Amino acid sequence: MEYSIHLDRLTLGVCYYPEHWPESLWEQDLDRMLEAGISVCRIGEFAWSKFERTEGAFDFSFFQRFLDLAQRKGMKVIFCTPTATPPAWLTEKYPETLNAFPDGTLVRHGMRCHCNHTSPVFLKLCARVVEEIAGHYGSHPAIIGWQIDNEINCETNMFYSEADSVAFRAYLKDKFGTLEALNQAMGTVFWNQEYTDWEEIFVARPTLANSPNPHLLLEQKKFISENSVAFFKMQADIIKKYRKPGDFITTNGVFGHIDYQDLNRWALDFITYDSYPNFAYSLGGANGNASAFGRLRDRVSGLSLARVRSISPNFGIMEQQSGGGGWQTRMPQPAPRPGQMRLWAWQSIAHGADFVSFFRWRTCNVGMEIYWNGILPWDNRDSRQLEELRVLRDETARAAELAGSRYAAKVAVCYHYPTQWDGEGDIFHGPLEGVSVMNWFAACQVAHTPMDLLCLGEDLGLEALAPYDLLVLPHIALLPEKTAGLLKEYVERGGRVIFGARTGFKDEFGRCPMRPTPGPAAELVGGTVREYTLVPEDSRTAVVLFGRSVPMPRLNEILEPEDGEALGRWYTREFYDGQPGVLRKRTGKGEAIYVGAAFSEEMASALLSYAGLEEPYAQWLDLPQDIELAVRKKGDRAYHILLNYTDAPRPFTCHGPMTDLLTGLPCEGEAELPPYGVMVLA
Amino acid sequence: MEYSIHLDRLTLGVCYYPEHWPESLWEQDLDRMLEAGISVCRIGEFAWSKFERTEGAFDFSFFQRFLDLAQRKGMKVIFCTPTATPPAWLTEKYPETLNAFPDGTLVRHGMRCHCNHTSPVFLKLCARVVEEIAGHYGSHPAIIGWQIDNEINCETNMFYSEADSVAFRAYLKDKFGTLEALNQAMGTVFWNQEYTDWEEIFVARPTLANSPNPHLLLEQKKFISENSVAFFKMQADIIKKYRKPGDFITTNGVFGHIDYQDLNRWALDFITYDSYPNFAYSLGGANGNASAFGRLRDRVSGLSLARVRSISPNFGIMEQQSGGGGWQTRMPQPAPRPGQMRLWAWQSIAHGADFVSFFRWRTCNVGMEIYWNGILPWDNRDSRQLEELRVLRDETARAAELAGSRYAAKVAVCYHYPTQWDGEGDIFHGPLEGVSVMNWFAACQVAHTPMDLLCLGEDLGLEALAPYDLLVLPHIALLPEKTAGLLKEYVERGGRVIFGARTGFKDEFGRCPMRPTPGPAAELVGGTVREYTLVPEDSRTAVVLFGRSVPMPRLNEILEPEDGEALGRWYTREFYDGQPGVLRKRTGKGEAIYVGAAFSEEMASALLSYAGLEEPYAQWLDLPQDIELAVRKKGDRAYHILLNYTDAPRPFTCHGPMTDLLTGLPCEGEAELPPYGVMVLA
Amino acid sequence: MEYSIHLDRLTLGVCYYPEHWPESLWEQDLDRMLEAGISVCRIGEFAWSKFERTEGAFDFSFFQRFLDLAQRKGMKVIFCTPTATPPAWLTEKYPETLNAFPDGTLVRHGMRCHCNHTSPVFLKLCARVVEEIAGHYGSHPAIIGWQIDNEINCETNMFYSEADSVAFRAYLKDKFGTLEALNQAMGTVFWNQEYTDWEEIFVARPTLANSPNPHLLLEQKKFISENSVAFFKMQADIIKKYRKPGDFITTNGVFGHIDYQDLNRWALDFITYDSYPNFAYSLGGANGNASAFGRLRDRVSGLSLARVRSISPNFGIMEQQSGGGGWQTRMPQPAPRPGQMRLWAWQSIAHGADFVSFFRWRTCNVGMEIYWNGILPWDNRDSRQLEELRVLRDETARAAELAGSRYAAKVAVCYHYPTQWDGEGDIFHGPLEGVSVMNWFAACQVAHTPMDLLCLGEDLGLEALAPYDLLVLPHIALLPEKTAGLLKEYVERGGRVIFGARTGFKDEFGRCPMRPTPGPAAELVGGTVREYTLVPEDSRTAVVLFGRSVPMPRLNEILEPEDGEALGRWYTREFYDGQPGVLRKRTGKGEAIYVGAAFSEEMASALLSYAGLEEPYAQWLDLPQDIELAVRKKGDRAYHILLNYTDAPRPFTCHGPMTDLLTGLPCEGEAELPPYGVMVLA
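Residues numbered from 1 in each chain as written. Chains lettered and ligands numbered in written order. Predicted model: local features only at pLDDT ≥ 70, side-chain atom pairs only at ≥ 80, totals over all residues. Heavy atoms only, no water.

## Some thoughts on the domain arrangement of chain A
Residues and elements named next belong to chain A.
Then, number 1: One can read the domain layout of chain A as domain 1 (11–156 + 227–392), domain 2 (408–610) and domain 3 (621–681).
Then, number 2: Here domain 2 and domain 3 have C-alpha centroids that lie 33 Å from each other.
Then, number 3: Contact with domain 2, which involves five residues of that partner, is made by nine residues of domain 3.
Then, number 4: Taken together, both faces of the contact between domain 2 and domain 3 bury some 600 Å²; the carbon and sulfur share is 55%.
Then, number 5: The tally of links from domain 2 across to domain 3 stands at zero salt bridges.
Then, number 6: On the surface where domain 2 and domain 3 come into contact, there are four residue pairs in polar contact (both at pLDDT 80 or more).
Then, number 7: The class makeup of the residues in the side of domain 2 that touches domain 3 is three nonpolar, two polar and no charged. (Domains from an automatic or database assignment. Contact = heavy atoms within 4.5 Å. Buried area = accessible area lost by both parts, 1.4 Å probe. Salt bridge = Lys/Arg side-chain N within 4 Å of Asp/Glu carboxyl O. Polar contact = N/O pair within 3.5 Å; in protein donor to acceptor, adjacent residues only side chain to side chain. Nonpolar A, V, L, I, M, F, W, Y, C, P; charged D, E, K, R; others polar.)

## So, the relation of the copies chain C and chain A
Mapping one chain copy onto the other needs a rotation about an axis and a shift along that axis.
Then, number 1: Mapping chain C onto chain A leaves a residual RMSD of 0.0 Å; the transformation is a rotation of 120 degrees accompanied by 0.0 Å of translation along its axis. What we have between these two chains is a three-fold relation.
Then, number 2: Little of the interface of chain C is mirrored in chain A, where only 2% of its interface residues again form contacts. (Least-squares fit on C-alpha atoms with pLDDT ≥ 70 in both.)

## Some thoughts on the pattern of salt bridges
Residues and elements named next belong to chain A.
Then, number 1: Counting across every chain of the model gives 159 salt bridges over all chains.
Then, number 2: Close ionic contact of Arg-330 with Glu-155 constitutes a salt bridge, the shortest N to O distance being 3.1 Å. Here Glu-155 lies in the loop between strand 4 (143–147) and helix 6 (162–176) and Arg-330 lies in the loop between strand 7 (315–321) and helix 13 (340–350), a separation of 175 residues in the sequence.
Then, number 3: By relative accessible area, Arg-330 is classed as partly exposed at 27%.
Then, number 4: With a closest N to O distance of 4.0 Å, Glu-591 and Arg-584 form a salt bridge.
Then, number 5: Using a relative accessible area of 3% as the deciding quantity, one classes Glu-591 as buried.
Then, number 6: Classification of Arg-584 by relative accessible area gives buried; the value is 12%.
Then, number 7: Among the ionic contacts, a cluster of salt bridges with common partners joins Glu-35, Glu-387, Arg-390, Arg-393 and Asp-394. (Helix = DSSP H or I, 4+ residues; strand = E, 2+ residues; numbered from the N terminus. Buried < 20%, exposed > 50% of the residue type's maximum accessible area, 1.4 Å probe, protein only.)

## Points about the environment of Trp-26 of chain B
Residues and elements named next belong to chain B.
Then, number 1: With respect to the helices and strands, Trp-26 occurs in helix 1 (residues 26–36).
Then, number 2: Trp-26 sits 40 residues away from Phe-66 along the chain, and the two C-alpha atoms are 7.8 Å apart.
Then, number 3: In this structure Trp-26 touches Tyr-16, Pro-18, Trp-21, Phe-62, Arg-65, Phe-66 and Leu-69, once residues within four positions along its chain are discounted.

## With respect to the pairing of strand 15 (residues 541–545) of chain A
All names here are of chain A.
Then, number 1: For strand 15, the buried fraction is high: four of the five residues fall into the buried class.
Then, number 2: Relative to strand 18 (residues 565–572), strand 15 runs antiparallel, the two sharing four bridges. Note that in strand 18 the partner of Val-543 across the bridge is Trp-570. (Pairing = 2+ DSSP bridges.)

## Notes on the sheet that holds strand 19 (residues 580–587) of chain C
All names here are of chain C.
Then, number 1: A sheet is described by the order of its strands in space; here nine strands give the open sequence 11-10-12-13-20-19-18-15-16, paired in mixed fashion. Each of the sheet's edge strands pairs with one partner strand only, and the pair in question is strand 11 (451–455) and strand 16 (548–551). Taken pair by pair, the neighbouring strands of this sheet meet at an average axis angle of 25 degrees, ignoring direction.
Then, number 2: Both strand 12 (residues 470–473) and strand 13 (residues 496–499) contribute to a ladder of four bridges, which runs parallel. Each residue of the ladder has a partner; that of Leu-471, found in strand 13, is Val-497.
Then, number 3: With respect to the sheet, helix 18 (residues 481–492) is in contact with strand 12, strand 13, strand 19 and strand 20 (590–595), its orientation differing from that of strand 13 by roughly 135 degrees. (Axes fitted to C-alpha atoms, helices over the stretch in contact; angles between N-to-C directions.)

## Focus on helix 12 (residues 301–309) of chain B
Residue and element names in this part refer to chain B.
Then, number 1: Within helix 12, seven of the nine residues are buried, which leaves it mostly tucked inside the rest of the structure.
Then, number 2: All buried positions along helix 12 are accounted for by Ser-301, Gly-302, Leu-303, Leu-305, Ala-306, Val-308 and Arg-309.
Then, number 3: Check the buried side of helix 12 and you find it contacts strand 6 (272–275), strand 7 (315–321), helix 13 (340–350), strand 9 (406–407), helix 16 (430–446) and strand 11 (451–455).

## Let's talk about the relation of the copies chain A and chain B
Then, number 1: Superposing chain A onto chain B takes a rotation of 120 degrees plus a shift of 0.0 Å along the axis, which leaves an RMSD of 0.1 Å.
Then, number 2: Little of the interface of chain A is mirrored in chain B, where only 2% of its interface residues again form contacts.

## As for a negative patch on the surface
Then, number 1: A contiguous patch of negative charge, built from Glu-614, Glu-615, Asp-622 and Glu-670 of chain C, is present on the exposed surface.
Then, number 2: Secondary-structure assignment places Glu-670 of chain C in strand 25 (residues 665–673). (Patch = residues over 30% accessible without salt bridge, like charges linked within 9 Å, V, L, I, M, F, W, Y side chains within 5 Å. Areas by Shrake-Rupley, 256 points an atom, 1.4 Å probe, with all protein chains shown as cover. Lys, Arg positive; Asp, Glu negative; His and termini not counted. Charge placed at Lys NZ, Arg CZ, Asp CG, Glu CD.)

## A look at the interface of chain A and chain B
Then, number 1: Taken residue by residue, the interface counts 66 residues in chain A and 53 residues in chain B.
Then, number 2: When chain A packs against chain B, close to 5,000 Å² is buried across both sides, 59% of that on carbon and sulfur atoms.
Then, number 3: Counting across the chain A and chain B interface gives 20 residue pairs in polar contact (both at pLDDT 80 or more).
Then, number 4: If you list the elements that add at least two residues to the side of chain A that touches chain B, you get helix 2 (48–51) and helix 4 (88–93) of chain A.
Then, number 5: Of the residues forming the side of chain A that touches chain B, the biggest block, three residues, is contributed by helix 4 of chain A.
Then, number 6: Of the residues contributing to the side of chain A that touches chain B, the split by class is 29 nonpolar, 20 polar and 17 charged.

## Section: unusual backbone geometry
All names here are of chain A.
Then, number 1: Omega for the peptide link from Phe-359 to Arg-360 comes to -10 degrees, which places this bond in the cis form.
Then, number 2: With respect to the element layout, Arg-360 can be found in the loop between strand 8 (353–359) and helix 14 (384–398).
Then, number 3: Phi at Trp-191 is positive, roughly 55 degrees, even though this residue is not glycine.
Then, number 4: Along the chain, Trp-191 falls in the loop between helix 7 (179–185) and helix 8 (214–242).

## A short note on the interface of chain C and chain A
Then, number 1: Taken together, the contacts link 66 residues of chain C with 53 residues of chain A.
Then, number 2: There are six salt bridges connecting chain C and chain A.
Then, number 3: Across the pair Asp-647 of chain C and Arg-573 of chain A runs a salt bridge whose closest N-O atoms are separated by 2.9 Å.
Then, number 4: Counting the contacts that link chain C with chain A gives 20 residue pairs in polar contact (both at pLDDT 80 or more).
Then, number 5: The biggest single contributor to the side of chain C that touches chain A is helix 4 (residues 88–93) of chain C, with three residues.
Then, number 6: For the side of chain C that touches chain A, the class distribution of residues is 29 nonpolar, 20 polar and 17 charged.

Below, the structure written as structure tokens:
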């Protein structure tokens with residue numbers, strides 16, 4: 001089943017907090033929104049106290065007034081459950097509802113996401129408030145959908161409360177049945193960690209050197225994901241009792257220790273995302289950083305959007321950055337330059353968003369987020385953002401047909417939740433994924449090769465792989481046997497798979513079975529890893545591949561072909577110079593390649609070229625590297641979306657007669673994309 | 001009312017700890033001190049156990065013997081209350097007296113300043129020991145004054161104990177009356193932080209990302225200041241019952257979260273300061289740092305002295321650095337070079353000190369501070385510091401008349417406690433103040449323009465502004481309406497005011513009202529801020545001002561003149577190139593200028609020049625930038641104090657016949673200040 | 001009494017964990033070991049649950065089966081006590097057995113070394129399990145020795161539990177008798193820290209700025225050492241009841257806060273060491289670091305081995321690195337290059353090891369240490385390490401006679417436990433030792449001068465000093481009077497002693513007595529320190545010595561000769577230019593030198609040369625700096641061990657006819673040591 005948003009036209013929205021402003025402003029605000037092209041408001045998140053000021057004292061008049069006004073004005077509403085910010089009375093009366101820091105210190109009221117998702121009393125009070133809200137507003141005609149909670153696991157994705165330990169034990173008992181089975185799976189024989197009573201087991205607690213049992217820590221992350229999903233399912237099941245037919249259920253953001261395939265399956269109709277491209281600044285990517293991240297800056301948001309697309313092929317943006325970002329205490333970001341807000345909205349649409357809702361209507365004038373600038377400033381005067389919104393209003397109207405079209409990629413870079421969670425606690429394989437995926441993304445971007453991310457989930461089938469010519473599995477350390485079998489079928493039918501270092505050396509619990517690496521993939525690549533080593537920081541290592549020297553960073557493996565061949569050989573001052581570093585083996589109509597290192601951008605480019613996947617639209621468009629090309633397709637119709645992230649005009653050539661949907665003007669021959677410019681050529 | 005020290009001659013003192021040394025050394029120590037020019041000893045701080053060894057067991061014989069000896073020898077004494085270091089018996093028996101770390105872990109015995117100022121039992125025991133001490137020694141003829149506590153809030157200026165939460169609630173109830181008013185003022189509607197019971201409120205507790213409600217945190221700092229003042233007032237009220245007529249009450253040091261105007265008002269006769277110019281090394285200012293701090297090094301202490309002067313126009317130095325500094329665990333500093341101890345004493349005097357007491361007589365030979373070197377080393381042999389002290393003895397005798405003269409400045413840079421406290425938790429405006437004030441100080445130093453700091457306190461009146469030609473309000477984010485009104489009057493009468501970015505965008509609780517920035521100052525500067533942005537680290541931004549390009553660092557604002565004019569326009573690759581960046585508006589006989597950025601040193605110099613305030617004494621003295629010029633005046637007599645912070649001689653020209661008070665020699669024409677040299681020309 | 005291993009031939013061993021592998025693999029594993037030259041296995045460490053699965057339920061069948069198999073196969077066994085990893089049931093039932101973090105948070109199950117050594121219940125349960133194990137296996141013929149615990153104090157060497165405070169009080173009462181004596185010794189008069197009740201005293205607790213009483217902290221470290229020794233003595237006394245005649249007792253590793261002289265005296269026959277030369281990478285020494293550490297890399301392990309030798313002249317290596325190292329969470333290291341495993345084994349032997357046991361037979365495939373690679377990889381295939389082991393098998397057989405020979409050094413660099421422990425909390429003298437010892441080691445290495453470390457223990461006698469021509473006491477701040485007296489005798493008889501800055505300025509409690517520095521050494525060096533200063537980071541300081549400028553880093557002292565002479569004078573822009581910086585005084589047949597700074601490598605070289613100790617074997621061997629020369633002697637026979645740490649061949653000249661014991665080939669004239677090559681010339 002596919003979890004996508006279904007809209008018949010591109011749609012603009014905004015996040016609004018009626019409780020933050022004098023009620024007398026509401027009508028003016030709605031009028032200004034509607035004029036500027038906003039047709040949907042998100043409301044209610046964080047507003048628990050507006051429904052239940054003190055325990056059990058429910059009152060629904062406040063949002064009733066707002067919904068009625070919205071209905072009168074013709075504004076549609078996404079209504080939120082307020083469970084991300086429980087009231088002070090709740091956490092003071094029931095401190096067992098709070099999450100804790102690793103040392104057991106409780107996480108306190110005043111920020112958000114401070115509760116666990118396991119204490120019975122918290123679950124009960126959440127269920128009650130959601131039941132009341134959905135019961136009260138579910139049938140309201142202004143509502144078109146529901147958002148559960150807000151950015152779950154954003155402030156932290158680890159849980160250390162007593163309630164979590166109790167629930168974790170139940171999870172383990174249910175999964176393993178006996179302590180013997182648990183001890184075996186968790187490798188507790190090492191360092192004498194054997195458990196002889198379930199009560200001896202806790203979520204991760206303080207150890208010397210912060211080094212708890214890695215297998216149990218991985219299990220805890222699986223448990224956190226299950227819990228988070230259960231927390232959402234509980235809310236979704238309630239909402240489903242009351243929502244009007246056609247009203248959707250979603251949530252916003254993609255954060256850690258949640259299997260979003262599972263979340264969709266149990267609770268959502270589709271996912272929405274919160275897109276803030278200027279995090280490139282506060283995360284260090286944009287300040288003179290020589291890496292791909294530093295070079296691509298806000299363009300890197302496309303990688304996050306690819307991840308969202310792997311969850312919901314067509315999705316929404318619930319929060320799209322409209323101004324400079326930052327809390328009072330952290331995440332400082334400059335203001336978007338004129339045109340960037342529009343550019344980023346189109347970046348989201350290019351990658352599969354059919355709904356774009358801006359954060360937020362007017363900058364909040366109290367609390368931590370006074371620097372998360374909205375469409376309007378504190379002073380409520382008109383802004384250049386409002387003007388850009390009007391441009392988007394007109395453009396999305398002209399290109400409304402894009403809704404429902406699909407991002408079209410022939411390359412997919414795969415990820416695997418258990419491998420990621422294990423990698424967080426493993427400095428040998430964990431850091432490789434970020435490096436390699438960024439380099440594949442960068443290589444695809446400059447080659448104008450649309451690229452997907454693909455989740456190696458439990459229910460992945462051959463039909464999901466069929467659209468792709470090339471699958472990249474960067475460093476899937478915990479590669480399941482079942483997935484390896486699927487890949488073999490894919491290759492036999494003509495697919496090409498590329499693996500990176502450390503593939504398949506761990507099992508589902510993060511243990512290292514007594515078998516040669518890459519374990520389940522060894523047969524497919526026709527060889528094994530004899531030895532590996534970290535690359536010392538002052539060493540440079542490469543392979544000779546296709547007649548060129550190609551960098552092989554971070555962790556190197558010395559390979560031994562069996563029925564595969566040595567496609568590349570090490571070229572280095574290290575002792576393994578000349579030995580195999582890249583393997584290839586053909587199987588059926590396809591082939592598999594194994595690269596014994598992290599992927600450099602040069603390696604990704606070389607392999608793209610080898611696979612004939614560079615510049616797939618060169619027939620139509622001749623583009624400089626600075627321009628991103630995204631392609632969405634609907635039936636036979638292809639939309640070529642061109643995005644210029646620089647502050648200078650960029651020339652390009654259009655080889656056929658096309659039309660820019662945003663202006664309705666024809667495009668052929670020599671053309672130019674203005675600074676921060678966008679075209680949708682069809 | 002003015003809170004100044006009143007001495008009829010420059011006076012030298014020393015910090016002495018009779019309890020650290022064999023009683024048999026006392027007489028020799030006092031004799032050596034007196035010979036070297038010391039006439040005042042500070043004693044008793046930290047010595048609680050010498051008065052009250054166990055609870056309620058008072059014994060005053062120890063210091064009685066010392067005071068009697070001092071009286072016989074003719075040594076005057078400043079007596080301290082010992083409340084900064086409560087005894088082990090106290091904190092073990094009453095752990096509720098301890099301060100806590102943010103997670104609630106108690107701060108334990110063994111260091112100093114480890115108690116809160118709120119627990120009733122601590123206040124009671126402090127009151128009792130002070131009552132006993134003052135009652136016992138108050139009438140002793142050797143005593144000339146009292147020091148309350150020691151460096152209050154130096155080791156920490158935050159309090160997290162349970163007693164603090166109890167007291168904080170009482171403070172809030174008293175201030176806001178109702179929870180409704182509190183919720184409104186604290187912006188608790190954001191993230192659903194509303195309180196429905198006073199017991200739900202605590203001093204800042206652990207939150208995710210260490211991000212508590214910023215308004216409540218600001219309120220907590222106001223509360224800490226009130227508490228600290230009340231703690232001092234309690235002690236001062238007791239001492240006043242017993243002190244002899246003329247004996248003063250003071251304290252030492254200037255630290256965080258205390259409104260020193262308030263402290264003076266309720267508890268002190270004047271403030272004293274602890275001046276350690278070689279903190280320039282351990283704070284990172286002196287090791288190859290290209291900033292103004294790195295360039296000026298120990299000369300930067302003048303800025304701290306200006307802050308002291310803003311509290312007490314004539315003040316004392318209770319601890320003047322005499323040797324290399326450092327604890328066993330931190331703050332490592334090199335030894336002063338020969339001449340620097342003398343130089344720094346004159347630096348203090350130049351800036352308004354009439355009393356200079358050195359820290360300390362002899363280096364402590366146990367505990368944490370064995371590397372805070374005193375006049376004498378551990379081994380008690382004569383030292384070069386003792387020799388320098390003798391020089392100062394003779395020089396201060398010759399220049400004794402300086403006492404009571406006033407530091408003469410025409411420029412004042414203003415500060416505002418609530419803005420500073422808010423800025424500690426706001427990375428957008430908070431860091432601007434340090435940069436801008438340092439740059440104004442540096443610009444004034446090299447222009448030989450004496451500069452004051454000025455506290456924008458509640459009771460500031462026009463008469464306090466009258467002496468100045470120029471007021472600089474660097475980034476007074478929480479500018480009160482009342483202060484803005486006062487400034488308008490000041491301008492109308494001919495004054496000039498310069499504002500920096502982010503002026504007046506917050507209200508008294510740190511909220512951002514729905515009005516254009518700079519809020520209360522908008523009318524005075526004749527325009528508003530349309531937009532602001534942080535400057536990315538790899539960007540350079542400037543304005544064209546007075547025909548030159550002048551750097552505009554950190555945070556940039558795009559301005560919109562109303563009845564003001566665009567004095568400077570942006571000159572940058574950023575999108576606001578050409579738009580107004582500096583505004584000016586004339587009102588009455590004066591004018592106001594608004595600069596939409598942090599102040600670069602170039603900007604401060606340009607504005608000093610524009611205001612005609614560079615080299616105000618050029619008529620008399622032609623000085624290189626390396627020499628500091630300070631001017632103190634008494635009636636018609638002006639003292640020009642020249643200080644050379646370098647290790648090389650510095651030439652200068654004296655245009656009129658003057659006399660160096662330190663030597664009695666005439667000075668006219670070409671002259672030279674030796675390395676680390678000082679002259680007092682009158 | 002000497003604590004050395006006594007073997008009649010060089011012996012190879014391996015660490016094996018029978019509990020980690022299917023029992024069906026044991027026989028194959030032992031056969032492969034024996035074939036490759038392994039004759040000793042270490043087993044049982046960490047395996048508490050294999051003996052006592054739940055409290056009191058003892059079962060010895062598992063290791064009985066292994067021991068019986070070993071005996072059948074002819075494999076000898078070192079058996080371990082499992083007290084480093086108590087079982088979960090123990091720490092859950094008795095949480096008072098756990099160590100704590102400084103804030104009191106308990107250190108939890110899941111890692112190792114998480115218990116304190118003071119709680120009565122832990123001591124009782126340890127005694128019982130050791131009694132059971134020793135009683136059961138003590139007479140087994142396969143066993144040749146016992147290892148107590150594992151790497152005690154490796155994960156932490158500080159203890160903060162309640163049980164530690166209770167025991168610390170008892171220790172202090174026993175040592176000081178009265179609170180008056182304690183207060184005096186601990187300098188509690190400073191900051192009013194006086195104790196009036198024993199119950200007021202705790203092990204270090206949280207203080208502001210993490211700055212507890214330094215004297216009490218030093219005392220706590222002495223207490224920790226006493227405790228650790230007592231914990232071992234308790235185990236050793238039990239084992240001694242049951243072990244067979246000739247079976248030894250040892251432990252592995254050298255870690256903090258243990259006086260290993262004491263440990264030998266009370267519990268061990270000798271020490272063994274865990275040698276991991278590639279820590280040079282994870283500790284930052286090898287990645288482009290310009291210091292001696294960065295330059296020497298794995299060669300620096302020789303310094304650690306010298307420390308082991310100072311404890312046991314002939315010792316064992318219990319864990320010798322055989323593959324790349326690292327936990328999942330930290331300590332990442334590259335794999336050894338081919339030849340390095342062999343090289344490092346010979347490095348250990350060169351420095352006095354007669355037994356070398358590799359860590360570990362096969363890499364663990366679960367838990368934290370999956371990246372501590374063993375001889376065999378997870379996949380159990382043959383490895384290049386196994387091949388290198390076979391080489392070592394043959395080489396150690398040919399050079400078997402080395403066993404029992406002694407490392408021959410004429411230079412000793414001295415260390416002193418209380419000075420080291422005090423220095424950990426003193427940033428003025430503490431960091432000097434590491435710098436100076438490393439520079440002395442580097443100077444000796446490139447001069448091919450064998451060098452010892454020497455512990456300045458309580459029972460040090462003149463006979464222990466007699467073998468040396470030169471003693472270096474880098475910065476023995478707490479130099480005891482008794483040791484100073486011994487050094488005087490040593491000098492009188494012709495010895496040469498070199499002292500560095502800060503010698504003797506503290507007493508046994510870390511206080512600074514009222515006497516000139518260097519205190520007890522002042523008479524011997526014929527002068528005193530008038531003044532000291534830290535060297536600012538941007539300053540360069542040197543002395544002129546023997547006609548050259550020699551760097552004097554970190555902390556500089558200005559010296560005053562009395563009956564000594566100024567051997568070197570400061571050469572610097574600092575104020576003490578030209579004043580004495582190095583003193584010398586002759587006494588009897590010898591002399592003492594005092595250097596008023598940390599030792600630069602240039603200074604160490606200059607002094608080695610001055611003492612005529614460079615290239616002591618130049619008569620026989622002319623070696624490049626890249627080759628280490630170690631010399632072991634037995635009677636008249638000298639073994640010259642040459643080690644090449646580089647990846648390139650290194651030429652050298654052998655002036656006499658010698659034989660390489662590893663090959664039996666003669667060596668004379670021009671010769672070459674291959675990359676990572678080793679020769680044992682005799």
